[in-house]
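Structural description and commentary
So you can see what is in the structure, the chains are spelled out below.
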Amino acid sequence: QLTMSLNSSTLLNEENPQGPKRNTECLESLELQTPSSFQDNPLQQLQLASQEVLEKAKKSGRSKCPRCSSSRMFYCYTCFVPVETVPTKEIPTVKLPLKIDIIKHPNETDGKSTAVHAKLLAPDDVTIYKYPCIPEYEEKRHEIALIFPGPNSISVKDIAFHLQKYTKKGVYENDDDCSREPFLKQAKIEPKEEKNLNECISSNKSEGTRLKKIIFIDSTWNQTNKIITDERLQGLLQIELKTRKTCFWRHQKGKPDTYLSTIEAIYYFLVDYHQEILKEKYKGQYDNLLFFFSFMYTLIKNAKCCAGKE
């Protein structure tokens, strides 16, 4: 997962659907590399849709992908669809405030990546690319940002301010007359008119620096260098998530707990974006992005407890 604070939004890998059929008690095929945060469940406060469909699927065991017929648990990580025992209509759908591109390293194990969760749960807003087949972002730099830690990365709350430098000629482009010149060059006006002008300028600044797409890299930390140095990603605004801690069960050895799994990075970014940029109270709108993640977290935690008893 490669996210912030060195949160690698893809520096961690995820499920291990290629293991043998799960035992409903201990799920012996799942790796139990669990961080200390497993002691308490930080995901229990999430407002999630009913996970009964996943409970039933777990008891049924692996099932076929309706597209490629491969044997999978819960969903197919290559076709990005639920398996036959998990009806699509019973899976929640999340609407996102912007589009998300996930760039997946070609060596990243499909079955271990949490990136597919985002595609399954927000299919209309998420696109997954396998590097090096990625889009050209040059012409849209003023409305795109990359989640990646670095010396020039900023926090979510500073997005609008920093995107201003990407607008053409430093002027907020809009058809309204009041936006044709930078504010400081406006002619002197009466106090009453000034309020209306400020509101107009403020509105145009917000529109002119609005983030429309966010990019996440899905790979282990050691694999990110090849992607992050790609010329197509150069010059993009970089954002770092510094305060969140991972709950991922396959945490990379030697990396801080602020390195998030891809789905965690997406979720926490959106929560911060909703509050810091949209200025709206967060009421669980994106919690279902962790629908699969939280379920598997609980399964592995229970398996760990079961193994301990034995």
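Predicted model only: the values in this text are computed from it and were never measured.

**A word on the overall build of the chain**
- When helices and strands are counted, the chain shows seven helices and nine strands.
- When each of the 310 residues of the chain is scored for burial, the buried share is 52%.
- In the chain, the share of contacts with a sequence separation of at least 24, taken over all contacts with a separation of at least 6, comes to 77%.
- On the chain, roughly 15,600 Å² of surface is accessible, and the fraction owed to carbon and sulfur atoms is 46%.

**Considering the sheet that holds strand 5 (residues 99–104)**
- Spatially, five strands are ordered 6-5-8-7-9 in an open sheet, and the strand pairing comes out parallel. Two strands bound the open sheet, and with one partner strand each, they are strand 6 (126–130) and strand 9 (237–239). Here the average twist between neighbouring strands, direction ignored, is 25°.
- As judged from the five bridges shared by strand 5 and strand 6, these two strands associate in the parallel manner. Residue pairing across strands places I103 opposite Y129, the latter belonging to strand 6.

**Observations concerning the nonpolar core**
- Counting residues in each nonpolar core, the largest one holds 57 residues, and the members touching the most others are I100, I159, I214, F269 and L289.
- Per-element tally for this core: the top contributor is helix 6 (residues 262–276), with nine residues.
- Contacts of I100, omitting those with residues within four sequence positions, involve D125, V126, T127, I214, F216, I266 and L270.
- With 13 residues, the next largest nonpolar core counts Y131, Y137, I144 and I215 among its residues.

Conventions used here
Residues numbered from 1 in each chain as written. Predicted model: local features only at pLDDT ≥ 70, side-chain atom pairs only at ≥ 80, totals over all residues. Heavy atoms only, no water. Helix = DSSP H or I, 4+ residues; strand = E, 2+ residues; numbered from the N terminus. Buried < 20%, exposed > 50% of the residue type's maximum accessible area, 1.4 Å probe, protein only. Contact = heavy atoms within 4.5 Å. Areas by Shrake-Rupley, 256 points an atom, 1.4 Å probe, with all protein chains shown as cover. Pairing = 2+ DSSP bridges. Axes fitted to C-alpha atoms, helices over the stretch in contact; angles between N-to-C directions. Core = buried A, V, L, I, M, F, W, Y, C linked by side-chain atoms within 4.5 Å.

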